[in-house]
Amino acid sequence: MSSECLGKTSWPELVGIDGDYAVSVIERENTRVRAVVILSGSPVTGDFRCDRVWVRVDKEVDGIVVQTPTVG
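Counting restarts for each chain, with residues numbered from 1 along the sequence as it is written. Reporting of local features is limited, given that this is a predicted model, to residues whose pLDDT is at least 70; pairs of side-chain atoms are given and counted only at 80 or more, and all residues count toward the totals for whole chains, interfaces and linings. Working from all heavy atoms in the structure, the side-chain values ignore hydrogens and water.

Below, the discussion takes up the state of the cysteines. Any two cysteine sulfur atoms lying within 2.5 Å of each other are counted as a disulfide. Considering all chains together, one arrives at one disulfide under this definition. Note that Cys-5 is cross-linked by a disulfide to Cys-50, the S-S spacing being 2.0 Å. Sign of the S-S torsion, about -75 degrees for the bond between Cys-5 and Cys-50, identifies this disulfide as left-handed. Residue Cys-5 is found in the segment before helix H1 (19–29), and its partner Cys-50 is found in the loop between strand S1 (34–39) and strand S2 (52–58); the two are separated by 45 residues along the sequence. Numbering of helices and strands runs from the N terminus, with a helix taken as a DSSP run of H or I at least four residues long and a strand as a DSSP run of E at least two residues long.

If charged atoms from side chains of opposite charge come close, those side chains can pair. Counted as salt bridges are all cases of a side-chain nitrogen of Lys or Arg within 4 Å of a carboxyl oxygen of Asp or Glu. Going through the model one piece at a time under the given rule, you end up with four salt bridges. Linking Glu-13 and Lys-8 is a salt bridge whose minimum nitrogen-to-oxygen distance equals 2.7 Å. Judged by relative accessible area, which is 42%, Glu-13 ranks as partly exposed. Accessibility here uses a 1.4 Å probe with only protein chains present; expressed as a share of the type maximum, an area under 20% marks a residue as buried, one over 50% as exposed, and anything in between as partly exposed. The class for Lys-8 is partly exposed, based on a relative accessible area of 30%. Ionic pairing is found between Arg-49 and Asp-51, a salt bridge with its closest N-O pair at 2.9 Å. Taking the relative accessible area as the measure of exposure, Arg-49 reaches 36% and is therefore partly exposed. The network of salt bridges with common partners includes Lys-8, Glu-13 and Glu-29.

In structure tokens form, the structure reads like this:
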């Protein structure tokens, strides 16, 4: 589904980076999205949205991104 979305849709280079910094990078590189930091394993809504990126972080490792952020 991400092929329907405009702009950059995936940020694998942000795995291992601070979650708040990752949000700033994502929103700068694709101004059509809002990035949201969540704890890894947290439940999220199942709907697909081109304007949303979940930034999953590990609470045990000081908010470090643990999964590739993607549009959805």
